[in-house]
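# Results of the structural survey
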Amino acid sequence: MSGVFAINKPSGSSSAACLDYLKLVFSMSPMFADSLSAADALDHQSRGAGARRGRGGKRGGGGSAQVKMGHGGTLDPLADGVLVVGIGNGTRKLQAFLDCTKEYEAVALFGCSTDTYDAEGKILERASTSHLTRDLIESKLEGLRGNITQTPPIYSAIKMQGQPLYWYARNNKPLPEPIKPRNATVSVLEMLDYTTDHTWRLPESEAEEDTKLSSRLIAESLGVNKGAPEDEIQADEADSQPTKRVKLENGHGVTAADASSQTVAVKLRMTVSGGTYVRSLIHDLGKACGSAAHMVALTRTRVADHELKDALPWKPFETGDWEDTLATRLEGVKPPSESLADPETMAREFVRLLRPRGITLTYARTSDGFIAGPDRKPMRISGSESMRMTHHLRRVHRQIAVGSGTFQSDDPGLNAREADGTTPMPLHQQPEPFVLDPRGKLAIRESSKLWQLHVAGSGKKPVHLVGEGVDVAGESVATVEQVGVSGAESRFAWRTVRDHLQKTRKDVSLMVEGGAAIINDLLAHPQDLDLLIVTVSPKTVGAGIQVDLQAETEHYPVIAKRTFGQDTVYVRKRRRLL
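Conventions we followed
Residues numbered from 1 in each chain as written. Predicted model: local features only at pLDDT ≥ 70, side-chain atom pairs only at ≥ 80, totals over all residues. Heavy atoms only, no water. Helix = DSSP H or I, 4+ residues; strand = E, 2+ residues; numbered from the N terminus. Buried < 20%, exposed > 50% of the residue type's maximum accessible area, 1.4 Å probe, protein only. Contact = heavy atoms within 4.5 Å. Areas by Shrake-Rupley, 256 points an atom, 1.4 Å probe, with all protein chains shown as cover. Pairing = 2+ DSSP bridges. Axes fitted to C-alpha atoms, helices over the stretch in contact; angles between N-to-C directions. Polar contact = N/O pair within 3.5 Å; in protein donor to acceptor, adjacent residues only side chain to side chain. Parallel < 35°, antiparallel > 145°, perpendicular 65-115°, else oblique. Left-handed = near helix turned anticlockwise from the far one by under 90°. Nonpolar A, V, L, I, M, F, W, Y, C, P; charged D, E, K, R; others polar. Salt bridge = Lys/Arg side-chain N within 4 Å of Asp/Glu carboxyl O. pLDDT = per-residue confidence, 0-100. Core = buried A, V, L, I, M, F, W, Y, C linked by side-chain atoms within 4.5 Å.

The helix and strand inventory of the chain stands at 16 helices and 28 strands. Classification of the 578 residues of the chain by burial places 49% in the buried group. For the chain, restricting intrachain contacts to residue pairs at least 6 apart in sequence, the fraction spanning at least 24 positions comes to 75%. Entry remark: accessible area of the chain is about 27500 Å², with carbon and sulfur atoms responsible for 48%.

Before going further, it helps to spend a moment on the sheet that holds strand β24 (residues 509–512). Ordered by their spatial adjacency, nine strands build an open sheet running β21-β20-β19-β18-β24-β16-β25-β28-β27, and the pairing between neighbours is mixed. Taken across any chain shown, the strands that pair with only one partner, and hence form the sheet edges, are β21 (479–483) and β27 (558–564). The sheet shows a mean angle of 25° between the axes of neighbouring strands, taken without regard to direction. Helix α1 (residues 15–27) rests against β27 and β28 (567–573) of the sheet, and its axis sits at about 15° to β27. Across the sheet, helix α14 (residues 494–504) touches β16 (358–366), β18 (399–403), β19 (432–436), β20 (463–467), β21 and β24, and the angle it forms with β21 is around 125°.

With that out of the way, let us pick up the environment of D115. Position of D115 among the secondary structure elements: in the loop between β5 (112–114) and β6 (123–126). Exposure remark for D115: the relative accessible area of 9% places this residue in the buried category. Along the primary structure D115 and Y155 are separated by 40 residues, whereas in three dimensions their C-alpha atoms are 7.6 Å apart. From its side chain, D115 meets the backbone nitrogen of K122 in a polar contact 2.8 Å long.

Packing of helix α10 (residues 343–352) against helix α11 (residues 384–396) leaves a shortest axis separation of 8 Å and a crossing angle of 40°. Taken together, the axes of α10 and α11 are oblique relative to one another. In the packing of α10 onto α11, the handedness of the crossing is right-handed. Each of P343, E344, A347, R348, F350 and V351 in α10 lies in contact with α11, whose residues at this interface are E385, R388, M389, H392, L393, R395 and V396. Grouping the amino acids of the contact of α10 with α11 by side-chain chemistry returns seven nonpolar, one polar and five charged.

What the rule picks out here adds up to 22 salt bridges. A salt bridge links K287 to E125; its shortest N-O distance comes to 2.6 Å. Here K287 is found in helix α7 (residues 278–288), whereas its partner E125 is found in strand β6, with 162 residues between them in sequence. We note a salt bridge from R365 to E552, for which the minimum N-O separation is 2.9 Å. Note that R365 is positioned in strand β16 and E552 in helix α16 (residues 549–555), a separation of 187 residues in sequence. R365 sits in the buried class, given a relative accessible area of 10%. Of the residues examined, E552 reaches a relative accessible area of 2% and is grouped as buried. Each of E105, E190, K267 and R269 takes part in salt bridges that share partners, so that together they form one network.

What follows is about the environment of V84. Within the fold, V84 resides in strand β3 (residues 80–87). Overall, the relative accessible area of 1% leaves V84 in the buried class. Each residue touching V84, except ones within four places of it in the same chain, is listed here: V4, F5, A6, G70, H71, G72, L94, F97, V303 and H306.

Mean pLDDT over the chain works out to 83, with 82% of the residues at or above the 70 mark. Across residues 49–63 the pLDDT falls below 50, and counting only partners more than four positions away or on other chains, this stretch makes 22 contacts in the model. Low pLDDT (under 50) marks residues 221–260, which in the prediction has 64 contacts with non-local residues, meaning those over four places away or in another chain.

In this section: the nonpolar core. F5, I7, F26, F32, F317 and M389 are the most contacted members of the largest nonpolar core, which has 47 residues in total. The element contributing the most residues to this core is α1, with six residues. V483, W494, V508 and I519 belong to the second largest nonpolar core, which has 33 residues in total.

This is how it looks when you write it as structure tokens:
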């Protein structure tokens, strides 16, 4: 399966992070199952012939193969818009997109320059905007059209003596040599809007003095970015006043000489050659106008023949609704063989792809978000098909946990069972069961299912996890272990639970099944949760105990989605940089 297509990259994500996320999502999809199986088979064959083992579970290292992908030109994290992506043999065509023409729409904010040349940086220089007019800026655009020379920003990925330029900046290292200017072609550059009535704000942080000095020295050594001659700047009388700092009503720190002016925002449209830095273009425009400017917004609207209006939107990749649309952009797409499999095979293959580590939260809810009925009455939500997935999930986790409330109300067995739903899987495939009881308010007795399964050899010995220094209310047949609790709330801090398991078990893959308080607590702490698996039933109840649906969708984008009978299972992963 191969092809080239464009996505609408979201602002705030690096191009590499988007690509890594898509690799994960595609590798979890049955659409790519056949091609990945073939890649795995080839990998095993090559290792059998003595190929060197790789690292990190990548090809050559014995782990599952990932979809082969690349992109046709980096787009800044601040920017959104067209990012060309290649899959399979389509990656061979990506070089052409590095050198082709591209179109952008950008917003330049006049009033200061920054060390990154964009809104994510720190202020290098503040400058007056009181003399700026639409006509002045329009006149300076002409000098930036055609074949020009630019100095790339120091916060860029260009290599210098083996290190990207941003490495020197982030580590406060001097550059071993001046940044070499680059040739670029700007075939179209026009102003779409000029305004002082806007909501853009200047950065709040100032760059260090040595950073400002380095920036000035680099500019002077190259003979660029020195600004317009004084007789071309229509300065007012305030420009000669002392530079005492004041605060404007909008909170921006400026100088008294500029206190009567506002920042100016200019929207630009441009068509440029490959390798052109829009940030540098805006930085140079600010200097040419006798002021200072940085980029606050950037949208790439076209790369070669790929236009923004035809790019795949990003949101469906986070909700699991992308497969049908992507299939129209790729060659060699076949119906996934898994769709013809029985529920047991589907569940086994689905879980095999997950490879859980850390803490996994799983629960079943109705389509309107309820996990229990009125008066906390338990409901049967999952169908038999999706329950097969749950039992295989238990099989691949080392530990499984429920809260004290769920233990008291449901008396769960928490063991993994075979396809008939009653026969336990072998003991070595069973997770170690934990009951989370920070206040020690219950006892695990011989009559409980957990203990009965342990005695019958169908489950491992249960662990009663309580807070440090807590006395258990009554005799408990389970192993009692203590973990620190979080302040007056008397709840476990999930980080301490993870640390406890790492110290005592080493291999941590904890599956948490509830109840409601634990579910919502974990959803509210995305930094502690690695994987979220939600089974959604078409049922509605309208009342009862509900999960925090906003937290579920906001912090955990979907990496996989499957239909089991009438239920839909969503696998969501903690949002990191996306």
